[in-house]
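# Chain and residue survey
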Amino acid sequence: MKIAYINSFYAPHEVGGAEKSVRFLAETLVKHGHQATVICLGRERETTELNGVRIERLPTANLYFPPDAGQRPGWQKMIWHGADSYNPLAARDIGRLLDEIRPDVVHTNNLGGFSVAAWSAIHERNISVVHTLRDYYLMCPNTAMFKNGLPCKSRCMSCSIMAAPRLATSRHIKHVIGNSQYILNKHVEAGYFRNAHRDVIYNAYQPSQVEDHRTRDRITFGFLGRIAPSKGIEILIDAVRQIESPYPFEVLIAGDGEPEYVAQLKSKAEGLPISFTGRVQPHELYDRVNWTIVPSVWDEPLARVLFESYAHGVPVIGSSAGGTPEVLTNGKTGLLYTAPLDPTALRAQMLKALNDPTLSERLSPACSKYAENFHPRNVYLRYEQVYLSSVNTK
């Protein structure tokens, strides 16, 4: 098969989990004897190859390259997002590439900078389209449905207007996949993908190494990810401040974010047993912690750290926001709290872990077993079946 992937970015410019997932699928496809091409954004037109995957970078057919958004005035951002609702110039550029590549299936992922006009270009060429949902881009310009420190309970008028072309164009999708049942349900309930077969396939992860560097004289909690208001780190700091425990503990916060915001958090955490480690490789954190904390306050479709943590045998303390309850079974693979905005709810679960120092060890085998659902071979085989099915039913 010849598969073309479309994603806003691609290695070495890996913004988040989507880029890692697309790279895994493309490179695994090549290893199994198929052909894979990735179409992504770049500052200039460029054709390269990485590990057998052909990479086609296209300049953004909009006011600016997305990573430069922070340098732009508000009025330019508004125009950019308006054009990104449905960008026929991007469709033209993608169409020319598709005429050259002639893939059997196109698998679209994050479309920011290309817009859903890419789906029209694919549909016009009678090529099957598979789309994976990884965020709320199709429903909300900021992709998160999170505003003023709170998750949006419903879409505002501007989001609904800008998302209208995305809703209408979703009829072209042959097969839609959610990286969680939660994110898939959200879109189906909003009227998207009426003509598509629907499925849930989790992202893949397998640790490069698993070692135990835990300190035995204390319980270590860890956070790993982008440091941003939606991630709930302020809730975590407030919870730690409320903890009185005779058992010693520490909290490691790994990741990076806007320097000013990180500085604010460090100031807020001063005097508490909290350390900011900066950006680290996953195993560098998981091999040191007894518990991973996922205190998300936004409706995150499925935090990658959940299954990364399980693969290292580390249970999770997580909020009930978004897709987390799908994979976190309270008392089996971790501890779930149902009030994401309440630090006392998180504190209560952290105290359970502190008052029972061997609990994480007892939950560890169940975490490792559950991690098999995210094993790369299982994930690849499911996607391969989707591709084959899409070709055969075209």
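In this text, all values refer to a predicted model and were calculated from it rather than measured experimentally. (Residues numbered from 1 in each chain as written. Predicted model: local features only at pLDDT ≥ 70, side-chain atom pairs only at ≥ 80, totals over all residues. Heavy atoms only, no water.)

What follows covers the packing of helix H7 (residues 233–241) against helix H8 (residues 259–268). Between H7 and H8, whose axes approach to 10 Å, the crossing angle comes to 10°. Between H7 and H8, the crossing angle belongs to the class labelled roughly parallel. Contacts between H7 and H8 pair Ile233, Glu234, Ile237, Asp238 and Arg241 from the former with Tyr261, Leu265 and Lys268 from the latter. Along the lines of polarity and charge, the residues of the contact of H7 with H8 split into 4 nonpolar, no polar and 4 charged. (Axes fitted to C-alpha atoms, helices over the stretch in contact; angles between N-to-C directions. Helix = DSSP H or I, 4+ residues; strand = E, 2+ residues; numbered from the N terminus. Parallel < 35°, antiparallel > 145°, perpendicular 65-115°, else oblique. Contact = heavy atoms within 4.5 Å. Nonpolar A, V, L, I, M, F, W, Y, C, P; charged D, E, K, R; others polar.)

It is worth spelling out the pairing of strand E16 (residues 334–337) at this point. Neither face of E16 is exposed, since Gly334 and Leu336 on one face and Leu335 and Tyr337 on the opposite face are all buried. The sheet contact formed by strand E15 (residues 316–319) and E16 spans 4 bridges and is parallel. Each residue of the ladder has a partner; that of Gly318, found in E16, is Leu336. (Buried < 20%, exposed > 50% of the residue type's maximum accessible area, 1.4 Å probe, protein only. Pairing = 2+ DSSP bridges.)

For the rest of this paragraph, the subject is unusual backbone geometry. With an omega of 10°, the peptide bond between Ala11 and Pro12 qualifies as cis. Mapped onto the elements of the fold, Pro12 is located in the loop between strand E1 (2–6) and helix H1 (17–31). A positive phi angle, near 55°, is found at Arg102, a position not held by glycine. Note that Arg102 resides in the loop between helix H3 (88–101) and strand E5 (105–108). Its relative accessible area of 63% is what places Arg102 among the exposed residues. Non-glycine residue Ser115 carries a positive phi angle of around 75°.

Attention now moves to H3. With 14 residues, H3 ought to run about 20 Å at 1.5 Å a step, and its terminal C-alpha atoms sit 20 Å apart, in line with that. Turning to H3, its buried residues are Ala90, Ala91, Asp93, Ile94, Gly95, Leu97, Leu98 and Ile101. Where H3 is buried, its residues touch E1, strand E2 (35–42), strand E4 (53–59), E5 and helix H4 (117–124). Of the residues that open H3, the one with a side-chain oxygen 3.0 Å from the backbone nitrogen of Leu89 is Asn87. Looking one or two residues beyond H3, the residue adopting positive phi is Arg102, at roughly 55°. (Expected span 1.5 Å × (residues − 1). Polar contact = N/O pair within 3.5 Å; in protein donor to acceptor, adjacent residues only side chain to side chain.)

So, on to the nonpolar core. Grouped together as the largest cluster of nonpolar side chains are 98 residues, with contacts concentrated most on Phe221, Ile317 and Met350. Membership of the second largest hydrophobic core comes to 23 residues, among which are Val22, Val105, Val130 and Val379. (Core = buried A, V, L, I, M, F, W, Y, C linked by side-chain atoms within 4.5 Å.)

Turning our attention to a nonpolar patch on the surface. A contiguous nonpolar patch, built from Leu63, Trp75 and Ile79 and spanning about 320 Å² of accessible area, is present on the exposed surface. The exposure class assigned to Leu63 is partly exposed, which follows from its relative accessible area of 43%. (Patch = residues over 30% accessible without salt bridge, like charges linked within 9 Å, V, L, I, M, F, W, Y side chains within 5 Å. Areas by Shrake-Rupley, 256 points an atom, 1.4 Å probe, with all protein chains shown as cover. Salt bridge = Lys/Arg side-chain N within 4 Å of Asp/Glu carboxyl O.)

Right, let's talk about the packing of H7 against helix H12 (residues 343–355) for a bit. As a packed pair, H7 and H12 sit with axes 8 Å apart at the nearest point and diverge in direction by 60°. With respect to each other, H7 and H12 are oriented oblique. Here H7 and H12 pass one another in a crossing that is right-handed. Each of Ile235, Leu236, Asp238, Ala239 and Val240 in H7 lies in contact with H12, whose residues at this interface are Pro343, Leu346, Arg347 and Met350. Across the contact of H7 with H12, the residue classes break down as 7 nonpolar, no polar and 2 charged. (Left-handed = near helix turned anticlockwise from the far one by under 90°.)

A word on the sheet that holds E16. On the basis of which strands lie adjacent, the open sheet formed by 6 strands has the order E13-E12-E11-E14-E15-E16 and parallel pairing. The open sheet has two free edges, formed respectively by strand E13 (274–278) and E16, since each of these has just one partner strand. Strand after strand, the sheet turns through a mean of 20° between neighbouring axes, direction not considered. Here 4 bridges tie strand E12 (residues 249–254) to E13, and the two strands are oriented parallel to one another. Bridge pairing links Leu252 to Ser275 in E13. Packed onto the sheet, H7 meets strand E11 (219–224), E12, E13 and strand E14 (291–294) and runs at close to 165° relative to E12.

This part is about the packing of aromatic side chains. Taken as a whole and judged by the stated rule, the model has 12 aromatic pairs. Ring centres 6.1 Å apart and planes at 40° place the aromatic pair Tyr192 and Phe193 in the tilted group. A residue is classified by how much of its surface remains accessible, and Tyr192, at 0% relative accessible area, is buried. When the ring of Phe221 is compared with that of Phe249, the centres are 6.1 Å apart and the planes differ by 75°; the resulting orientation is edge-to-face. Here Phe249 lies in strand E12 and Phe221 lies in strand E11, a separation of 28 residues in the sequence. (Phe/Tyr/Trp six-rings, centres within 6.5 Å; stacked < 30°, edge-to-face > 60°.)

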